[in-house]
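These are the residues of each chain, in order.
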Amino acid sequence: MTQEIVDAVRVLEQEKGIAADTLMDALADALLSAYRKSPGSARYARVDLDHETGDFRVFELILPVELEEKLLEEAIAEQERTIDPETGEMREPEEPELDPEVLAPYEDQITSHDVTPDDFGRIAAQTAKQVIYQRIREAERQMMYEEYHDRVGELITGLIQQSDKRYTLVQLRERVEALLPKSEQVYSERYDHGMRVKAVITDVSESTKGPSIVVSRRSPELIKGLFELEVPEIADKLVEIVGVAREPGYRSKIAVVSHADGVDPVGACVGPRGSRVRMVVSELRGEKIDIIPYNEEPARFVAKALSPARVREVLVDDEEMQATVVVPDDQLSLAIGRDGQNARLAARLTGWRVDIKSESEFAKEESQHEYEGEEEFDGRCMAVLSSGRRCPNAAVGGSTYCGLPQHQALSRFGTSQVGVLAGLDDEEVALLADPESDEAAVVAMAEAAEAAFVEPSEEEEAVEETEGAEEAEEAVEVEGAEEAEEAVEGTEGAEEAEEAVEVEGAEGAEDAEAAGESDAAEESAPVDVAEAADEAQVADEAQVADETEAVEAADEAARTEVTGDDQPE
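None of these values were measured; they are calculated from a predicted model. (Residues numbered from 1 in each chain as written. Predicted model: local features only at pLDDT ≥ 70, side-chain atom pairs only at ≥ 80, totals over all residues. Heavy atoms only, no water.)

J.: Explain a negative patch on the surface to me, please; I cannot follow it from the model alone.
T.: Residues Glu13, Asp21, Asp25, Asp50, Glu52 and Asp55 make up a contiguous surface patch of negative charge. Residue position: Asp25 is located in helix H2 (residues 20-37). Residue Asp25 is classed as partly exposed on the basis of its relative accessible area, which comes to 41%. (Patch = residues over 30% accessible without salt bridge, like charges linked within 9 Å, V, L, I, M, F, W, Y side chains within 5 Å. Areas by Shrake-Rupley, 256 points an atom, 1.4 Å probe, with all protein chains shown as cover. Salt bridge = Lys/Arg side-chain N within 4 Å of Asp/Glu carboxyl O. Lys, Arg positive; Asp, Glu negative; His and termini not counted. Charge placed at Lys NZ, Arg CZ, Asp CG, Glu CD. Helix = DSSP H or I, 4+ residues; strand = E, 2+ residues; numbered from the N terminus. Buried < 20%, exposed > 50% of the residue type's maximum accessible area, 1.4 Å probe, protein only.)

J.: What is the right way to read the pairing of strand S15 (residues 322-327) from this model?
T.: Two faces make up the sheet, and in a regular strand the side chains alternate between them. The element S15 is extensively covered by neighbouring structure, given that five of its six residues are classed as buried. Where strand S14 (residues 313-317) and S15 come together, five bridges link them in antiparallel fashion. Paired with Val314 across the bridge in S15 is Val325. Two successive antiparallel strands, S14 and S15, enclose a turn made up of four residues, where Met321 displays a positive phi of approximately 55°. In this structure, S15 lies alongside strand S16 (residues 353-358), joined through six bridges in parallel fashion. The residue of S16 that forms the bridge with Val326 is Lys357. (Pairing = 2+ DSSP bridges.)

J.: I'm lost on H2 in this one. Help?
T.: Here H2 contains 18 residues, and its C-alpha end-to-end distance of 26 Å stays within 8% of the 26 Å for a straight helix at 1.5 Å per residue. For H2, the complete set of buried residues consists of Leu23, Met24, Ala26, Leu27, Ala28, Ala30, Leu31, Leu32, Ala34 and Tyr35. (Expected span 1.5 Å × (residues − 1).)

J.: I would appreciate a short explanation of the pattern of salt bridges in the present structure.
T.: If the charged atoms of two oppositely charged side chains come close together, the side chains can form a pair. Applying the stated criterion to the full structure yields 19 salt bridges. Between Arg276 and Glu233 there is a salt bridge; the shortest N-O distance is 3.1 Å. Taken together, the positions of Arg276 in helix H9 (residues 275-283) and Glu233 in helix H7 (residues 232-235) put the pair 43 residues apart, joining distant regions of the chain. The partner of Arg412 in a salt bridge is Glu439, and the shortest N-O contact between them spans 3.5 Å. With Arg412 in the loop between helix H14 (405-408) and helix H15 (426-433) and Glu439 in helix H16 (residues 439-451), the pair connects residues that are 27 residues apart, well separated along the chain. The exposure class of Arg412 is partly exposed, given its relative accessible area of 23%. Taking relative accessible area as the criterion, Glu439 reaches 46% and is therefore assigned partly exposed. Shared partners join several salt bridges into a network, and the residues in it are Glu147, Arg151, Glu154 and Arg173.

The following block contains the structure:
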């Protein structure tokens with residue numbers, strides 16, 4: 001019988017993957033429970049089981065009275081009182097049982113003798129069976145917990161087993177299931193029975209029914225895991241995904257950086273003809289993905305993060321972690337995205353607050369800002385560039401201008417316009433920017449340059465007048481061209497009229513010969529020619545001859561054509 005037990009334990013070890021020592025300890029506990037179910041069993045006992053041969057012995061433990069009372073008091077103190085749900089009264093803890101583990105430290109004070117029964121009864125055997133099954137299930141659960149509790153954040157593949165409004169069960173392997181709750185599902189995805197799906201493990205916890213494994217399809221780690229599967233450079237740590245911003249089911253942005261020379265991080269993730277990113281998009285059920293190259297400079301990183309929109313200028317505030325982005329007017333809606341999605345994802349990816357403005361709006365705000373007024377200094381360079389915009393650089397300490405010599409030189413003038421330095425060379429600008437320069441020479445130079453400087457408002461008015469004159473000249477040229485085109489059209493009309501007269505005259509002559517009506521044809525032809533010639537003369541604006549002469553000339557030409565070579569013999 002003992003050999004059969006050993007063989008059964010070895011079979012279970014191979015099938016369940018549970019260590020043989022664990023199964024033998026479970027068998028010893030089962031035998032102890034079976035002994036306690038037997039009539040006349042001792043109150044305290046232990047079972048010694050040989051793991052090699054399967055032989056076991058049961059020993060009764062006899063405790064001294066003082067030791068037993070002491071251990072019982074300690075066990076009662078550790079128990080917690082519970083409330084009876086029916087009466088609402090506190091339940092007194094029951095007298096506990098002292099397990100062999102509690103008695104093991106006091107073996108020198110405990111006496112024992114062998115009480116191994118000759119045979120266990122049916123009830124004892126059934127109890128032993130249940131205990132063995134329970135211990136095997138507990139061992140399996142512990143093995144599963146130890147296998148998965150270190151895999152949080154890892155990408156796994158499973159089969160959909162069951163799906164309803166509350167949750168979806170995903171089978172990871174035999175007798176191992178994970179829970180995909182509604183909060184971790186993508187609203188646009190369907191989870192049909194038997195469908196293979198990839199997800200990320202987000203939580204593993206122990207419970208009475210085994211380890212609870214929770215997976216997610218909304219986690220940003222899912223995109224990282226999918227790209228690691230498709231892109232060898234990411235798996236080999238040559239390319240790293242440093243950030244992910246995702247709105248599940250709609251759009252995602254990832255920032256990638258290369259740790260190896262000659263490796264393009266964006267190209268590696270896209271793959272030949274987009275094959276790699278296409279596989280990721282297919283697994284995400286068509287979710288769009290923007291791959292952004294990471295840059296340590298915040299301005300460049302923010303500009304790239306707003307892809308596919310084109311960015312004209314980025315102004316950053318390091319203290320407030322805020323970036324003001326200027327885009328062309330036709331790119332404003334693209335930069336913001338539908339319901340602000342593109343700007344929101346860019347802000348999550350970069351960690352900066354992003355304020356997007358169009359060029360016209362930004363220029364209007366800049367024009368309304370009086371740089372030379374009494375407004376409070378905001379830490380940004382006060383220099384106004386030739387384009388009319390304010391310098392985007394931060395001012396250096398103790399100054400209202402940045403470190404550029406041209407901008408530092410503006411501190412000598414009463415204006416912040418960079419155009420005041422147009423008549424100065426580099427040496428003179430450097431002299432003005434140097435605070436240790438000779439004050440008399442600097443003042444004279446500044447006064448001369450400022451006297452020659454024309455205010456931007458006057459220049460703008462001159463430009464507007466020039467532009468108005470140019471537009472007037474262009475209008476005159478256009479009108480002259482239109483009149484010339486009308487004259488050409490009138491000439492072409494006259495030529496067409498003459499050709500028509502010739503044809504009509506020939507046809508009229510033939511009709512006159514056949515029907516005797518050539519006089520009517522001769523009278524109608526000169527009228528048509530006169531009208532066409534009149535239009536041509538008016539369009540050309542050249543009064544060469546009066547209308548009567550034109551009619552007579554056209555009449556004679558028509559009669560010549562009618563009565564000439566085409567007249568019948």
